[in-house]
Amino acid sequence: MSLPPSLISSLNNTNGFNKEAFETVHASGEQVVSIRVNPLKPYISTSLDVWQEHPSTSLRAVPWSSSGYYLSERPSFTLDPFFHAGTYYVQEASSMFLEQALKQTADLSKTLMVLDVCAAPGGKSTLLQSIISKESLLVSNEVIQTRVQILKENIIKWGSSNVLVTNNDPRDFSKLEGLFDVLVIDAPCSGSGLFRKDPEAIKEWSEENVQLCSQRQQRILADAWSCLKEDGVLIYSTCSYSTEEDEEILDWMKEKFKVEGLRLKIEQEWGIDEAQTSTGMYGYRFWPYKVKGEGFFIAAFRKKEETDIVRLKIKHTQLATKQEATVAANWLQSIDGLSFIKQGQHIAAVPIQWNETIQYLMQELKVRYAGVELGTIAKNDLLPEHALAVSTILKTDALKVDLDLNQALDYLRKNDFNISSEQKGWALAMYNNVPLGWMKLLGNRINNYYPKEWRILMR
Ligand code: SAM
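Just so it is clear, the model here is predicted, and its values are computed rather than measured.

Chemist: Just to check I follow, could you spell out the overall build of the chain for this structure?
Modeler: Looking only at helices and strands, the chain has 13 helices and 22 strands in total. Over its C-alpha trace the chain gives a radius of gyration of 23 Å, about what one expects of a compact globule, namely 23 Å for 459 residues. For the chain, the C-alpha atoms occupy an extent of roughly 70 × 55 × 35 Å along the three principal directions. Counting all 459 residues of the chain, 58% fall into the buried class. Long-range contacts, defined here as pairs at least 24 residues apart, represent 73% of the contacts in the chain between residues at least 6 apart. Summed over all atoms, the accessible surface of the chain reaches about 19800 Å², with 45% contributed by carbon and sulfur. On the chain, the mean spot of the 49 positive side-chain charges and the mean spot of the 57 negative ones are 6 Å from each other.

Structure below.
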(Lines give C-alpha, C1' and ligand atoms only; values in the text may rest on other atoms or scores of the structure.)
Protein backbone atom coordinates (compact mmCIF):
# COMPACT_ATOMS: atom_id res chain seq x y z
CA MET A 1 0.00 0.00 0.00
CA SER A 2 1.62 3.22 -1.12
CA LEU A 3 0.51 6.14 1.03
CA PRO A 4 0.55 9.70 -0.43
CA PRO A 5 3.95 11.25 0.52
CA SER A 6 2.31 14.66 0.94
CA LEU A 7 -0.10 13.17 3.52
CA ILE A 8 2.81 11.69 5.47
CA SER A 9 4.78 14.94 5.43
CA SER A 10 1.71 16.97 6.42
CA LEU A 11 1.23 14.74 9.49
CA ASN A 12 4.79 15.11 10.81
CA ASN A 13 3.94 17.60 13.54
CA THR A 14 0.54 16.13 14.37
CA ASN A 15 -0.22 15.01 17.90
CA GLY A 16 0.67 11.31 18.37
CA PHE A 17 1.91 10.74 14.81
CA ASN A 18 4.58 8.08 14.38
CA LYS A 19 5.64 7.73 10.75
CA GLU A 20 7.14 4.26 11.02
CA ALA A 21 4.24 2.79 12.99
CA PHE A 22 1.78 4.48 10.59
CA GLU A 23 3.44 2.96 7.53
CA THR A 24 3.79 -0.46 9.16
CA VAL A 25 0.14 -0.66 10.18
CA HIS A 26 -0.94 0.23 6.64
CA ALA A 27 1.45 -2.31 5.12
CA SER A 28 0.32 -5.08 7.50
CA GLY A 29 -2.95 -5.79 5.69
CA GLU A 30 -4.62 -6.40 9.07
CA GLN A 31 -8.39 -6.01 8.92
CA VAL A 32 -10.27 -5.18 12.11
CA VAL A 33 -13.88 -6.37 11.98
CA SER A 34 -16.45 -5.20 14.51
CA ILE A 35 -20.19 -5.23 14.99
CA ARG A 36 -22.53 -3.33 17.29
CA VAL A 37 -25.57 -5.24 18.49
CA ASN A 38 -29.04 -3.73 18.68
CA PRO A 39 -30.10 -3.38 22.32
CA LEU A 40 -33.61 -2.34 21.26
CA LYS A 41 -34.47 -5.78 19.97
CA PRO A 42 -35.20 -8.36 22.65
CA TYR A 43 -33.36 -11.17 20.91
CA ILE A 44 -29.81 -9.81 20.71
CA SER A 45 -28.62 -12.61 22.95
CA THR A 46 -29.66 -15.12 20.26
CA SER A 47 -27.57 -13.26 17.75
CA LEU A 48 -24.59 -13.11 20.10
CA ASP A 49 -24.90 -16.79 21.03
CA VAL A 50 -24.67 -17.66 17.39
CA TRP A 51 -21.45 -15.65 17.04
CA GLN A 52 -20.04 -17.28 20.12
CA GLU A 53 -20.79 -20.76 18.83
CA HIS A 54 -19.39 -20.04 15.40
CA PRO A 55 -16.07 -21.91 15.15
CA SER A 56 -14.25 -19.17 13.25
CA THR A 57 -15.29 -16.13 15.24
CA SER A 58 -14.74 -15.06 18.80
CA LEU A 59 -16.16 -12.02 20.50
CA ARG A 60 -14.19 -9.39 22.35
CA ALA A 61 -15.82 -6.20 23.59
CA VAL A 62 -14.87 -2.84 22.07
CA PRO A 63 -13.64 -1.15 25.28
CA TRP A 64 -15.41 2.21 24.81
CA SER A 65 -18.72 0.75 23.67
CA SER A 66 -21.56 -0.95 25.57
CA SER A 67 -22.67 -3.01 22.58
CA GLY A 68 -19.67 -3.25 20.23
CA TYR A 69 -17.66 -6.42 19.65
CA TYR A 70 -14.62 -7.35 17.60
CA LEU A 71 -14.87 -10.51 15.51
CA SER A 72 -11.72 -12.53 14.98
CA GLU A 73 -12.45 -12.77 11.26
CA ARG A 74 -14.89 -11.40 8.72
CA PRO A 75 -17.84 -13.75 8.17
CA SER A 76 -20.22 -13.37 5.23
CA PHE A 77 -22.60 -10.80 6.66
CA THR A 78 -24.70 -11.02 3.48
CA LEU A 79 -25.44 -14.66 4.18
CA ASP A 80 -26.33 -14.09 7.83
CA PRO A 81 -30.10 -13.66 8.37
CA PHE A 82 -29.47 -11.81 11.68
CA PHE A 83 -27.70 -9.07 9.73
CA HIS A 84 -30.80 -8.49 7.57
CA ALA A 85 -33.04 -8.52 10.63
CA GLY A 86 -31.25 -5.55 12.22
CA THR A 87 -29.96 -7.41 15.26
CA TYR A 88 -26.54 -5.84 14.69
CA TYR A 89 -24.78 -3.25 12.53
CA VAL A 90 -21.30 -3.73 11.06
CA GLN A 91 -19.47 -0.67 12.35
CA GLU A 92 -15.87 0.34 12.51
CA ALA A 93 -14.82 0.28 16.21
CA SER A 94 -13.31 3.80 16.52
CA SER A 95 -16.62 5.34 15.35
CA MET A 96 -18.38 3.68 18.26
CA PHE A 97 -16.62 6.22 20.51
CA LEU A 98 -19.53 8.57 19.75
CA GLU A 99 -21.28 6.75 22.62
CA GLN A 100 -18.62 7.91 25.12
CA ALA A 101 -18.56 11.43 23.74
CA LEU A 102 -22.31 11.78 24.23
CA LYS A 103 -22.63 9.94 27.51
CA GLN A 104 -19.96 12.19 28.98
CA THR A 105 -21.43 15.48 27.75
CA ALA A 106 -25.24 15.11 27.64
CA ASP A 107 -27.77 13.68 30.08
CA LEU A 108 -29.11 10.81 27.98
CA SER A 109 -31.75 9.89 30.56
CA LYS A 110 -33.55 13.12 29.60
CA THR A 111 -35.95 13.60 26.70
CA LEU A 112 -33.75 15.03 23.95
CA MET A 113 -34.07 16.13 20.37
CA VAL A 114 -31.05 14.89 18.46
CA LEU A 115 -30.03 15.75 14.89
CA ASP A 116 -27.57 13.63 12.93
CA VAL A 117 -26.75 16.04 10.11
CA CYS A 118 -24.65 13.76 7.85
CA ALA A 119 -26.24 10.40 8.55
CA ALA A 120 -26.00 7.93 5.61
CA PRO A 121 -25.53 5.01 5.71
CA GLY A 122 -26.69 5.15 9.33
CA GLY A 123 -23.85 3.92 11.56
CA LYS A 124 -23.98 6.90 13.94
CA SER A 125 -27.77 7.15 13.74
CA THR A 126 -28.36 3.52 14.76
CA LEU A 127 -25.86 4.06 17.58
CA LEU A 128 -27.74 7.20 18.66
CA GLN A 129 -31.03 5.29 18.63
CA SER A 130 -29.45 2.70 20.90
CA ILE A 131 -28.35 5.19 23.55
CA ILE A 132 -30.99 7.94 23.65
CA SER A 133 -34.06 7.39 25.85
CA LYS A 134 -37.14 6.01 24.15
CA GLU A 135 -38.87 9.35 24.84
CA SER A 136 -36.23 11.19 22.79
CA LEU A 137 -36.45 11.91 19.06
CA LEU A 138 -33.72 11.43 16.46
CA VAL A 139 -33.76 13.30 13.15
CA SER A 140 -31.46 11.41 10.84
CA ASN A 141 -30.58 13.56 7.83
CA GLU A 142 -28.74 12.93 4.58
CA VAL A 143 -28.34 15.58 1.87
CA ILE A 144 -27.52 13.23 -1.02
CA GLN A 145 -30.76 11.80 -2.34
CA THR A 146 -29.29 8.52 -3.59
CA ARG A 147 -27.87 7.80 -0.12
CA VAL A 148 -31.17 8.30 1.68
CA GLN A 149 -32.39 4.83 0.63
CA ILE A 150 -29.62 2.97 2.46
CA LEU A 151 -30.07 5.22 5.47
CA LYS A 152 -33.80 4.52 5.51
CA GLU A 153 -33.18 0.78 5.18
CA ASN A 154 -30.83 0.71 8.16
CA ILE A 155 -33.15 2.86 10.27
CA ILE A 156 -36.11 0.59 9.44
CA LYS A 157 -34.12 -2.49 10.43
CA TRP A 158 -33.10 -0.91 13.74
CA GLY A 159 -36.82 -0.94 14.48
CA SER A 160 -37.76 1.90 16.84
CA SER A 161 -40.40 4.55 16.31
CA ASN A 162 -38.68 7.67 17.70
CA VAL A 163 -37.00 8.68 14.45
CA LEU A 164 -37.43 10.75 11.28
CA VAL A 165 -35.31 10.37 8.14
CA THR A 166 -34.90 13.60 6.18
CA ASN A 167 -33.23 14.56 2.91
CA ASN A 168 -32.15 18.16 3.43
CA ASP A 169 -29.20 20.42 2.93
CA PRO A 170 -27.73 21.45 6.32
CA ARG A 171 -28.76 25.06 5.53
CA ASP A 172 -32.44 23.98 5.66
CA PHE A 173 -32.02 23.42 9.39
CA SER A 174 -30.97 27.00 10.07
CA LYS A 175 -34.62 28.10 10.28
CA LEU A 176 -35.26 25.55 13.08
CA GLU A 177 -33.66 27.83 15.65
CA GLY A 178 -32.78 26.29 18.99
CA LEU A 179 -34.80 23.14 18.32
CA PHE A 180 -32.15 20.49 19.02
CA ASP A 181 -30.41 19.51 22.26
CA VAL A 182 -27.70 17.55 20.45
CA LEU A 183 -26.15 17.89 16.99
CA VAL A 184 -23.93 15.18 15.55
CA ILE A 185 -21.85 16.21 12.54
CA ASP A 186 -19.92 13.23 11.21
CA ALA A 187 -18.63 15.30 8.36
CA PRO A 188 -17.79 14.28 4.79
CA CYS A 189 -13.98 14.27 4.71
CA SER A 190 -10.91 13.31 2.71
CA GLY A 191 -11.13 9.81 4.21
CA SER A 192 -7.47 9.05 5.03
CA GLY A 193 -8.54 7.28 8.25
CA LEU A 194 -10.07 4.50 6.18
CA PHE A 195 -7.10 3.82 3.87
CA ARG A 196 -6.31 0.53 5.60
CA LYS A 197 -9.89 -0.71 5.08
CA ASP A 198 -10.29 0.73 1.62
CA PRO A 199 -6.94 1.13 -0.20
CA GLU A 200 -8.81 2.29 -3.34
CA ALA A 201 -9.61 5.54 -1.48
CA ILE A 202 -5.88 6.45 -1.60
CA LYS A 203 -6.27 7.32 -5.29
CA GLU A 204 -8.89 9.94 -4.45
CA TRP A 205 -6.77 11.68 -1.81
CA SER A 206 -5.16 15.04 -2.60
CA GLU A 207 -4.12 18.16 -0.70
CA GLU A 208 -6.68 20.13 -2.73
CA ASN A 209 -9.41 17.75 -1.59
CA VAL A 210 -8.37 18.23 2.04
CA GLN A 211 -8.82 22.01 1.54
CA LEU A 212 -12.19 21.52 -0.15
CA CYS A 213 -13.36 19.19 2.63
CA SER A 214 -12.24 21.69 5.27
CA GLN A 215 -14.29 24.45 3.62
CA ARG A 216 -17.30 22.13 3.30
CA GLN A 217 -17.00 21.16 6.96
CA GLN A 218 -17.04 24.82 8.00
CA ARG A 219 -20.08 25.43 5.83
CA ILE A 220 -21.98 22.49 7.36
CA LEU A 221 -21.12 23.60 10.90
CA ALA A 222 -22.10 27.21 10.20
CA ASP A 223 -25.39 26.16 8.56
CA ALA A 224 -26.44 23.79 11.35
CA TRP A 225 -25.26 25.96 14.26
CA SER A 226 -28.46 27.96 14.77
CA CYS A 227 -30.67 24.89 15.23
CA LEU A 228 -28.70 23.91 18.35
CA LYS A 229 -30.14 25.13 21.67
CA GLU A 230 -28.15 27.29 24.02
CA ASP A 231 -26.13 24.88 26.21
CA GLY A 232 -26.76 22.13 23.66
CA VAL A 233 -23.98 19.70 22.73
CA LEU A 234 -22.35 19.44 19.33
CA ILE A 235 -20.26 16.40 18.44
CA TYR A 236 -17.98 16.81 15.43
CA SER A 237 -16.09 13.90 13.88
CA THR A 238 -14.17 12.92 10.75
CA CYS A 239 -12.28 9.89 9.48
CA SER A 240 -9.45 12.12 8.27
CA TYR A 241 -5.99 12.53 9.83
CA SER A 242 -5.48 16.01 8.37
CA THR A 243 -5.35 18.81 10.95
CA GLU A 244 -7.13 21.10 8.43
CA GLU A 245 -10.23 18.93 8.92
CA ASP A 246 -9.70 18.26 12.62
CA GLU A 247 -7.93 20.59 15.11
CA GLU A 248 -8.07 23.59 12.75
CA ILE A 249 -11.84 23.19 12.49
CA LEU A 250 -12.07 23.32 16.29
CA ASP A 251 -10.07 26.57 16.32
CA TRP A 252 -12.27 27.98 13.57
CA MET A 253 -15.34 27.09 15.68
CA LYS A 254 -13.85 28.85 18.69
CA GLU A 255 -13.17 31.95 16.61
CA LYS A 256 -16.54 32.05 14.90
CA PHE A 257 -19.00 31.02 17.64
CA LYS A 258 -19.40 31.14 21.39
CA VAL A 259 -18.45 27.58 22.27
CA GLU A 260 -16.88 25.72 25.11
CA GLY A 261 -14.62 22.81 24.14
CA LEU A 262 -15.49 19.77 26.25
CA ARG A 263 -12.82 17.52 27.69
CA LEU A 264 -13.56 13.79 27.70
CA LYS A 265 -12.31 11.15 30.11
CA ILE A 266 -10.14 8.66 28.31
CA GLU A 267 -8.90 5.42 29.88
CA GLN A 268 -5.18 5.05 29.25
CA GLU A 269 -5.53 1.50 27.93
CA TRP A 270 -7.86 2.68 25.15
CA GLY A 271 -4.85 4.19 23.34
CA ILE A 272 -6.73 7.33 22.26
CA ASP A 273 -4.69 10.57 22.01
CA GLU A 274 -6.01 13.83 23.43
CA ALA A 275 -5.03 16.96 21.53
CA GLN A 276 -5.50 20.42 23.03
CA THR A 277 -5.48 23.14 20.42
CA SER A 278 -4.00 26.63 20.78
CA THR A 279 -7.49 28.04 21.51
CA GLY A 280 -8.07 25.51 24.31
CA MET A 281 -10.32 23.10 22.43
CA TYR A 282 -10.04 19.33 22.91
CA GLY A 283 -9.93 16.78 20.11
CA TYR A 284 -9.46 13.00 20.27
CA ARG A 285 -7.34 11.14 17.73
CA PHE A 286 -7.51 7.45 16.93
CA TRP A 287 -4.30 6.16 15.33
CA PRO A 288 -4.63 2.57 14.03
CA TYR A 289 -1.26 1.61 15.54
CA LYS A 290 -2.50 2.63 19.01
CA VAL A 291 -6.17 1.59 19.00
CA LYS A 292 -7.90 -1.48 17.61
CA GLY A 293 -9.84 0.47 15.00
CA GLU A 294 -9.39 2.80 12.05
CA GLY A 295 -8.30 6.45 11.91
CA PHE A 296 -10.87 8.76 13.48
CA PHE A 297 -11.14 12.21 15.09
CA ILE A 298 -13.85 13.43 17.43
CA ALA A 299 -14.54 16.53 19.52
CA ALA A 300 -17.40 17.77 21.70
CA PHE A 301 -18.56 21.38 22.26
CA ARG A 302 -21.20 23.14 24.29
CA LYS A 303 -23.01 26.08 22.74
CA LYS A 304 -22.63 29.18 24.87
CA GLU A 305 -24.73 31.55 22.84
CA GLU A 306 -28.18 32.92 23.44
CA THR A 307 -30.48 31.28 20.89
CA ASP A 308 -34.14 31.94 20.16
CA ILE A 309 -36.41 28.94 19.95
CA VAL A 310 -38.51 28.48 16.84
CA ARG A 311 -42.31 28.56 17.29
CA LEU A 312 -43.92 25.45 15.86
CA LYS A 313 -46.71 26.74 13.65
CA ILE A 314 -48.60 23.86 12.09
CA LYS A 315 -50.55 24.65 8.95
CA HIS A 316 -52.33 21.32 8.54
CA THR A 317 -52.21 18.04 10.42
CA GLN A 318 -51.81 14.66 8.79
CA LEU A 319 -53.31 12.41 11.42
CA ALA A 320 -55.00 9.08 10.70
CA THR A 321 -58.73 8.86 11.43
CA LYS A 322 -59.93 7.13 14.58
CA GLN A 323 -61.08 4.15 12.55
CA GLU A 324 -57.71 3.82 10.79
CA ALA A 325 -55.94 4.03 14.13
CA THR A 326 -58.14 1.23 15.50
CA VAL A 327 -57.27 -0.99 12.52
CA ALA A 328 -53.55 -0.28 13.03
CA ALA A 329 -53.79 -0.91 16.77
CA ASN A 330 -54.74 -4.56 16.13
CA TRP A 331 -51.21 -5.16 14.86
CA LEU A 332 -49.35 -3.57 17.77
CA GLN A 333 -48.26 -4.64 21.26
CA SER A 334 -49.77 -1.48 22.65
CA ILE A 335 -50.81 1.92 21.43
CA ASP A 336 -49.64 3.62 24.62
CA GLY A 337 -47.39 6.51 23.72
CA LEU A 338 -48.09 6.24 19.99
CA SER A 339 -49.88 8.47 17.57
CA PHE A 340 -50.78 7.62 13.94
CA ILE A 341 -49.92 9.84 11.02
CA LYS A 342 -50.88 9.45 7.40
CA GLN A 343 -48.83 10.26 4.29
CA GLY A 344 -50.90 9.38 1.22
CA GLN A 345 -52.34 5.93 1.94
CA HIS A 346 -49.48 5.02 4.30
CA ILE A 347 -50.01 4.98 8.00
CA ALA A 348 -47.10 5.30 10.43
CA ALA A 349 -46.76 5.15 14.22
CA VAL A 350 -44.82 7.97 15.88
CA PRO A 351 -44.28 8.85 19.55
CA ILE A 352 -47.31 10.80 20.74
CA GLN A 353 -45.26 13.38 22.67
CA TRP A 354 -43.52 14.37 19.42
CA ASN A 355 -46.71 14.63 17.41
CA GLU A 356 -46.63 18.39 17.07
CA THR A 357 -42.90 18.56 16.35
CA ILE A 358 -43.15 15.81 13.74
CA GLN A 359 -46.09 17.51 12.01
CA TYR A 360 -44.07 20.72 11.95
CA LEU A 361 -40.95 19.03 10.59
CA MET A 362 -43.03 17.28 7.91
CA GLN A 363 -44.08 20.72 6.78
CA GLU A 364 -40.62 22.33 6.93
CA LEU A 365 -38.30 19.51 5.78
CA LYS A 366 -38.21 16.72 3.20
CA VAL A 367 -39.22 13.92 5.55
CA ARG A 368 -38.59 10.58 3.83
CA TYR A 369 -39.55 8.30 6.68
CA ALA A 370 -41.28 8.81 10.03
CA GLY A 371 -41.58 6.52 13.04
CA VAL A 372 -42.47 2.96 12.05
CA GLU A 373 -44.38 2.62 8.81
CA LEU A 374 -47.23 0.22 9.53
CA GLY A 375 -48.80 -0.27 6.12
CA THR A 376 -51.75 0.76 3.98
CA ILE A 377 -55.31 0.67 5.15
CA ALA A 378 -57.45 -1.38 2.76
CA LYS A 379 -61.03 -2.49 3.41
CA ASN A 380 -60.80 -2.07 7.16
CA ASP A 381 -57.60 -4.05 7.43
CA LEU A 382 -53.93 -3.32 7.15
CA LEU A 383 -51.69 -4.37 4.28
CA PRO A 384 -48.60 -4.55 6.51
CA GLU A 385 -45.26 -2.96 5.65
CA HIS A 386 -41.94 -4.72 6.05
CA ALA A 387 -40.94 -2.05 8.59
CA LEU A 388 -43.67 -3.27 10.96
CA ALA A 389 -42.34 -6.86 10.83
CA VAL A 390 -38.83 -5.82 11.89
CA SER A 391 -39.95 -3.15 14.35
CA THR A 392 -39.96 -3.23 18.12
CA ILE A 393 -43.67 -2.35 18.33
CA LEU A 394 -45.30 -5.29 16.51
CA LYS A 395 -47.65 -7.43 18.63
CA THR A 396 -45.92 -10.51 20.00
CA ASP A 397 -48.69 -12.99 19.14
CA ALA A 398 -48.49 -12.51 15.35
CA LEU A 399 -48.63 -15.78 13.39
CA LYS A 400 -45.07 -17.09 12.91
CA VAL A 401 -43.34 -19.65 10.73
CA ASP A 402 -39.90 -20.93 11.77
CA LEU A 403 -37.40 -21.24 8.95
CA ASP A 404 -34.10 -23.09 8.92
CA LEU A 405 -31.00 -21.35 7.53
CA ASN A 406 -31.57 -22.45 3.92
CA GLN A 407 -35.23 -21.44 4.02
CA ALA A 408 -34.31 -18.12 5.66
CA LEU A 409 -31.82 -17.38 2.87
CA ASP A 410 -34.41 -18.43 0.30
CA TYR A 411 -36.81 -16.02 1.95
CA LEU A 412 -34.23 -13.19 1.92
CA ARG A 413 -33.56 -13.88 -1.78
CA LYS A 414 -37.29 -13.30 -2.23
CA ASN A 415 -37.92 -16.76 -3.62
CA ASP A 416 -41.34 -18.31 -3.18
CA PHE A 417 -41.10 -21.76 -1.63
CA ASN A 418 -43.29 -24.48 -0.21
CA ILE A 419 -43.93 -25.05 3.45
CA SER A 420 -46.64 -27.15 5.01
CA SER A 421 -48.94 -25.06 7.14
CA GLU A 422 -52.59 -25.49 7.99
CA GLN A 423 -52.91 -21.80 8.61
CA LYS A 424 -53.58 -19.04 6.14
CA GLY A 425 -52.92 -15.31 6.11
CA TRP A 426 -50.09 -12.97 7.13
CA ALA A 427 -47.25 -14.62 9.04
CA LEU A 428 -43.79 -13.59 10.17
CA ALA A 429 -40.87 -15.43 8.60
CA MET A 430 -38.75 -16.29 11.66
CA TYR A 431 -35.13 -17.38 11.95
CA ASN A 432 -34.01 -18.45 15.43
CA ASN A 433 -36.78 -16.35 17.04
CA VAL A 434 -35.93 -13.28 14.97
CA PRO A 435 -38.51 -11.84 12.52
CA LEU A 436 -37.15 -11.43 9.00
CA GLY A 437 -40.29 -10.08 7.32
CA TRP A 438 -43.76 -10.97 6.12
CA MET A 439 -45.05 -13.92 4.15
CA LYS A 440 -48.58 -14.81 3.23
CA LEU A 441 -49.57 -18.43 3.88
CA LEU A 442 -51.68 -19.96 1.15
CA GLY A 443 -52.10 -23.60 2.20
CA ASN A 444 -48.93 -25.46 1.16
CA ARG A 445 -47.17 -22.52 -0.45
CA ILE A 446 -46.30 -18.97 0.47
CA ASN A 447 -46.15 -15.55 -1.08
CA ASN A 448 -42.95 -13.81 -0.14
CA TYR A 449 -43.31 -10.14 0.87
CA TYR A 450 -39.63 -9.40 1.49
CA PRO A 451 -38.82 -5.97 -0.09
CA LYS A 452 -37.56 -6.61 -3.61
CA GLU A 453 -34.93 -3.88 -3.47
CA TRP A 454 -33.38 -5.39 -0.32
CA ARG A 455 -33.21 -9.00 -1.50
CA ILE A 456 -29.91 -10.91 -1.36
CA LEU A 457 -28.46 -11.22 -4.82
CA MET A 458 -25.40 -13.27 -3.78
CA ARG A 459 -25.76 -17.06 -4.41
N1 SAM B 1 -22.53 9.30 9.82
C2 SAM B 1 -22.48 8.26 8.79
C3 SAM B 1 -22.38 6.91 9.45
O4 SAM B 1 -21.86 6.82 10.57
O5 SAM B 1 -22.83 5.92 8.84
C6 SAM B 1 -21.35 8.51 7.84
C7 SAM B 1 -21.38 9.88 7.26
S8 SAM B 1 -20.19 10.19 6.02
C9 SAM B 1 -18.72 10.36 6.91
C10 SAM B 1 -20.58 11.82 5.56
C11 SAM B 1 -21.94 12.01 4.93
O12 SAM B 1 -22.10 13.40 4.61
C13 SAM B 1 -22.18 11.23 3.65
O14 SAM B 1 -23.34 10.47 3.75
C15 SAM B 1 -22.32 12.30 2.59
O16 SAM B 1 -23.26 11.97 1.61
C17 SAM B 1 -22.78 13.51 3.37
N18 SAM B 1 -22.47 14.80 2.74
C19 SAM B 1 -21.73 15.03 1.63
N20 SAM B 1 -21.69 16.34 1.33
C21 SAM B 1 -22.41 16.97 2.27
C22 SAM B 1 -22.77 18.32 2.49
N23 SAM B 1 -22.35 19.29 1.71
N24 SAM B 1 -23.57 18.58 3.55
C25 SAM B 1 -23.98 17.61 4.37
N26 SAM B 1 -23.67 16.30 4.20
C27 SAM B 1 -22.90 15.98 3.17
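That shown, we press on.
Chemist: Looking at this structure, I do not really get the pairing of strand E6 (residues 137–141). What am I missing?
Modeler: Strand residues, when the strand is regular, have side chains that alternate between the two faces of the sheet. Extensive coverage of E6 is indicated by the burial of five of its five residues. On E6, burial covers both faces: Leu137, Val139 and Asn141 on one face and Leu138 and Ser140 on the other are all buried. Across four bridges, the pairing between strand E5 (residues 113–116) and E6 is parallel. Bridge pairing in E6 places Leu115 opposite Val139. In this view, the connection linking E5 to its parallel neighbour E6 by way of helix H6 (residues 123–131) has right-handed handedness. Of the strand pairs in this sheet, E6 and strand E7 (residues 163–166) are connected by four bridges, and their pairing is parallel. From the neighbouring strand, Val139 faces E7, where its bridge partner is Leu164.

Chemist: Could you clarify how one ought to interpret the side chain of Ser240 in this entry?
Modeler: When you line up the elements, Ser240 lands in the loop between strand E9 (228–238) and helix H9 (247–256). A relative accessible area of 1% means that Ser240 is categorised as buried. A polar contact of 2.8 Å, which involves the side chain of Ser240, links it to the side chain of Glu245. Excluding residues that lie within four positions of it along the chain, Ser240 makes contacts with Cys189, Ser190, Gly191, Ser192, Gly193, Glu245, Asp246 and Phe297.

Chemist: Would you mind showing me how to read the sheet that holds strand E1 (residues 33–37) here?
Modeler: Strands pair in a sheet through their backbones, by hydrogen bonds, and they do so in one of two ways: parallel or antiparallel. Strand order in the open sheet made by the four strands is E2-E3-E1-E4, with antiparallel pairing throughout. Two strands lie at the open edges of the sheet, namely strand E2 (59–61) and strand E4 (88–90), each paired on one side alone. The mean angle between the axes of side-by-side strands here comes to 35°, regardless of whether they run parallel or antiparallel. Pairing analysis gives three bridges linking E2 to strand E3 (residues 68–71), with the strands arranged antiparallel.

Chemist: I'm lost on a negative patch on the surface in this one. Help?
Modeler: A cluster of like negative charges, contributed by Glu177, Glu230, Glu306 and Asp308, occupies part of the molecular surface. Locating Glu230 in the fold gives a position in strand E9. Of the residues examined, Glu230 reaches a relative accessible area of 40% and is grouped as partly exposed.

Chemist: Quick question: what am I supposed to make of the domain arrangement of the chain here?
Modeler: It is common to give the size of an interface as the accessible area that goes away when the parts come together. By domain assignment, the chain separates into domain 1 (5–303), domain 2 (311–396) and domain 3 (398–459). Computed from C-alpha atoms alone, the centre-to-centre distance between domain 1 and domain 3 is 35 Å. Between domain 1 and domain 3, the residue contacts involve 13 residues of the former and 15 residues of the latter. In total, domain 1 and domain 3 occlude about 1200 Å² of area from one another, counting both sides; carbon and sulfur atoms represent 79% of this.

Chemist: Could you clarify how one ought to interpret the pattern of salt bridges in this entry?
Modeler: A side chain of one charge can pair with a side chain of the opposite charge when the charged atoms of the two come close. With the rule as written, the count across this model stands at 19 salt bridges. In this structure, the salt-bridge partner of Lys134 is Glu135, at a minimum N-O distance of 3.3 Å. Taking relative accessible area as the criterion, Lys134 reaches 68% and is therefore assigned exposed. Between Glu153 and Lys157 there is a salt bridge, and its shortest N-O distance comes to 2.9 Å. Of the two residues, Glu153 and Lys157 both sit in helix H7 (residues 145–158), four residues apart, roughly one turn of that helix. Given the relative accessible area of 15%, Glu153 is considered buried. The structure contains a network of salt bridges with shared partners spanning Glu30, Arg196 and Glu294.

Chemist: Even after reading the chapter, I still don't get the nonpolar core, so can you show me in this structure?
Modeler: Generally speaking, soluble globular proteins have nonpolar side chains that are buried together. Of all hydrophobic cores here, the largest spans 73 residues; its most connected members are Trp64, Leu102, Ile235, Phe286, Ile298, Tyr411 and Met439. With sequence-adjacent residues up to four places away left out, Leu102 is seen in contact with Leu108, Leu128, Ile131, Val182, Val233 and Ile235. Within the second largest apolar cluster, 44 residues are counted, among which are Leu176, Cys227, Val259 and Trp354.

The rules behind the values
Residues numbered from 1 in each chain as written. Predicted model: local features only at pLDDT ≥ 70, side-chain atom pairs only at ≥ 80, totals over all residues. Heavy atoms only, no water. Helix = DSSP H or I, 4+ residues; strand = E, 2+ residues; numbered from the N terminus. Rg over C-alpha atoms; globule rule 2.2 N^0.38 Å. Buried < 20%, exposed > 50% of the residue type's maximum accessible area, 1.4 Å probe, protein only. Contact = heavy atoms within 4.5 Å. Areas by Shrake-Rupley, 256 points an atom, 1.4 Å probe, with all protein chains shown as cover. Lys, Arg positive; Asp, Glu negative; His and termini not counted. Charge placed at Lys NZ, Arg CZ, Asp CG, Glu CD. Pairing = 2+ DSSP bridges. Right-handed = clockwise from strand over helix to strand, strands pointing away. Polar contact = N/O pair within 3.5 Å; in protein donor to acceptor, adjacent residues only side chain to side chain. Axes fitted to C-alpha atoms, helices over the stretch in contact; angles between N-to-C directions. Patch = residues over 30% accessible without salt bridge, like charges linked within 9 Å, V, L, I, M, F, W, Y side chains within 5 Å. Salt bridge = Lys/Arg side-chain N within 4 Å of Asp/Glu carboxyl O. Domains from an automatic or database assignment. Buried area = accessible area lost by both parts, 1.4 Å probe. Core = buried A, V, L, I, M, F, W, Y, C linked by side-chain atoms within 4.5 Å.

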